[in-house]
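Close look at the chain arrangement
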Amino acid sequence: MTDPPTRLLYIDDDAALRRLVQRTLERVGYAVTLAGDGTEGVEMAKAAAFDVIAVDHHMPAMDGLTTLKTLRARPDCPPVVYVTGADDGRLAVAALKAGADDYVVKTVGEDFTELLRTTFAQTLERVALRREKEEADRRLIASNERLESLLHEVNHRVANNLQMAMSFIGMQASLLPVGEARDALLSTQQRIGAIAQVNRHLYSTGGVETVAMADYLAKLSAELAETWSTPAGPRRIVACTEDIELATDRAVTLGIVICELVGNACKYAYAPDAAGDVRIELVRLNGDRLVLSVSDDGVGLGDGEGPKGTGLGRRLVQAMARGLGADVRVQSGAGVRFEMEFGVA
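Report on the accompanying structure. A quick note: this is a predicted structure, and the numbers were derived from the prediction, not measured.

1. Brief notes about the nonpolar core
Formed by 40 residues in total, the largest nonpolar core has its most connected members in Met213, Leu254 and Phe342. Among the elements of the structure, α6 (180-205), α7 (213-228), α8 (248-268), β9 (276-286), β10 (289-296), α9 (312-324) and β12 (335-343) are those that each provide at least two residues to this core. With 11 residues, α8 is the largest single contributor of residues to this core. In this view, Phe342 contacts Leu246, Arg250, Leu254, Leu282, Asp288, Arg289, Leu290, Leu292, Leu324 and Ala326; residues no more than four positions away in its chain are not counted. Ala35, Met59, Leu91 and Ala98 belong to the second largest nonpolar core, which has 20 residues in total.

2. Concerning the sheet that holds strand β4 (residues 80-84)
Reading across from one edge, β2-β1-β3-β4-β5 is the order of the 5 strands in this open sheet, with parallel pairing throughout. Edge strands, defined here as strands with exactly one partner in the open sheet, are β2 (30-35) and β5 (102-105). Neighbour-to-neighbour, the strand axes of this sheet turn through a mean angle of 20 degrees, independent of strand direction. Pairing of strand β1 (residues 6-11) with strand β3 (residues 52-56) involves 4 bridges; the strand directions are parallel.

3. Some remarks on α7
Structurally, the α-helix is built with 3.6 residues per turn, so residues lying three or four positions apart point the same way. End to end, α7 covers 22 Å across 16 residues, agreeing with the expected 22 Å (1.5 Å per residue, within 8%). Those residues of α7 that sit buried are Met213, Tyr216, Leu217, Leu220, Ser221, Glu223, Leu224, Ala225, Thr227 and Trp228.

4. Some points on the pairing of β1
Pairing of β1 with β2, which is carried by 6 bridges, proceeds in the parallel orientation. Looking at β2, one finds that Leu9 is bridged to Thr33.

5. So, the packing of aromatic side chains
If you walk through the whole model with that rule in mind, you get 1 aromatic pair. Here the aromatic rings of Tyr30 and Phe120 are separated by 6.0 Å at their centres, their planes lie at 45 degrees, and the arrangement is tilted. Of this pair, Tyr30 sits in strand β2 while Phe120 sits in helix α5 (residues 110-174), and the two are 90 residues apart along the sequence. Overall, the relative accessible area of 10% leaves Tyr30 in the buried class. Residue classification places Phe120 among the buried positions, given a relative accessible area of 0%.

6. Here we look at the pairing of β4
Among the 5 residues of β4, 5 are classified as buried, and the element is accordingly described as predominantly covered. Side chains Val80, Tyr82 and Thr84 project from β4 onto one buried face, and the interleaved Val81 and Val83 project onto a second face that is buried too. The pairing of β3 with β4 spans 4 bridges and is parallel. Residue pairing for β4: Val55 is matched across the bridge by Tyr82. For the handedness criterion, the β-α-β arrangement of β3, helix α3 (residues 64-72) and β4 is classed as right-handed. Two strands pair when backbone bridges link them, and β4 and β5 are joined in this way by 4 bridges, in the parallel orientation. Each residue of the ladder has a partner; that of Val81, found in β5, is Asp102. Each parallel crossover has a hand, and for β4 linked through helix α4 (residues 89-97) to β5 it is right-handed.

Conventions and cut-offs
- Residues numbered from 1 in each chain as written.
- Predicted model: local features only at pLDDT ≥ 70, side-chain atom pairs only at ≥ 80, totals over all residues.
- Heavy atoms only, no water.
- Core = buried A, V, L, I, M, F, W, Y, C linked by side-chain atoms within 4.5 Å.
- Buried < 20%, exposed > 50% of the residue type's maximum accessible area, 1.4 Å probe, protein only.
- Helix = DSSP H or I, 4+ residues; strand = E, 2+ residues; numbered from the N terminus.
- Contact = heavy atoms within 4.5 Å.
- Pairing = 2+ DSSP bridges.
- Axes fitted to C-alpha atoms, helices over the stretch in contact; angles between N-to-C directions.
- Expected span 1.5 Å × (residues − 1).
- Phe/Tyr/Trp six-rings, centres within 6.5 Å; stacked < 30°, edge-to-face > 60°.
- Right-handed = clockwise from strand over helix to strand, strands pointing away.

Distances and angles like these do not, on their own, reveal function.
Right, here's the structure in full:
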């Protein structure tokens, strides 16, 4: 099956040159339509579809640049090659700025028609490539939008499921008396909460690679305060962090560490019927090094005092710290300060 001929509209007031172009290009597979001036050419472009248009510069009444701008004003204008009668760089630049896809300097003889044919072929090839790229870009944008929508839906459902699990654990804990079993359930609830809070952050911001720690820790501290506070012993959890973003997996790890340290402070730093503050700080030390600290103003640690409760929380903190490449340092005096230094990545 042969390819259809390339439909060319050639606009030029030189009748002899028009006939030469038509005769020469039709022999190599073009379907050539001729117009004697700009006005006639514009009307022909409105009445029929063309693959490419050639416009001569020097024409009476409507010159080439005016013709070019009129053609380009149409939404379905095909590529236009501008034809000049002299090697004038300024005129070529003016034509390209006005919307020409390329230009050809008019010469005498068949060299001109061969140059014209080559320019048409190159122009059509560039236009085809540009359209393919635009179509690929449209498909990519549509695909990204679908994936983003799917990601939002997945994050939303995961967040809902985690919240449901937290609610079940909280309900179970509320049925137990104060003691190790109840505290263990509340600690588990907050470990899940640290992960859920990251998930909610991803869902609300649309990002999946990093977490803004100031916003994340502010929300996490509010949840921790609500969990560990009682009417007799309210707990105020204060988060203070610089403008820091962490990779999602490191943010989750850090959130779990904070939940353990804050939970320990809320349980052991203050008497059950006493109010107390716990401070969370995340600061940039230098370069890509960060320091996390969790501190309280409670009773402190006695000399040689081991972990209270089951010790699971401390073991979990140590394991998470190793995952971050950090060591936990503990300072005890008027209260306890847990501190660890680690890298952003």
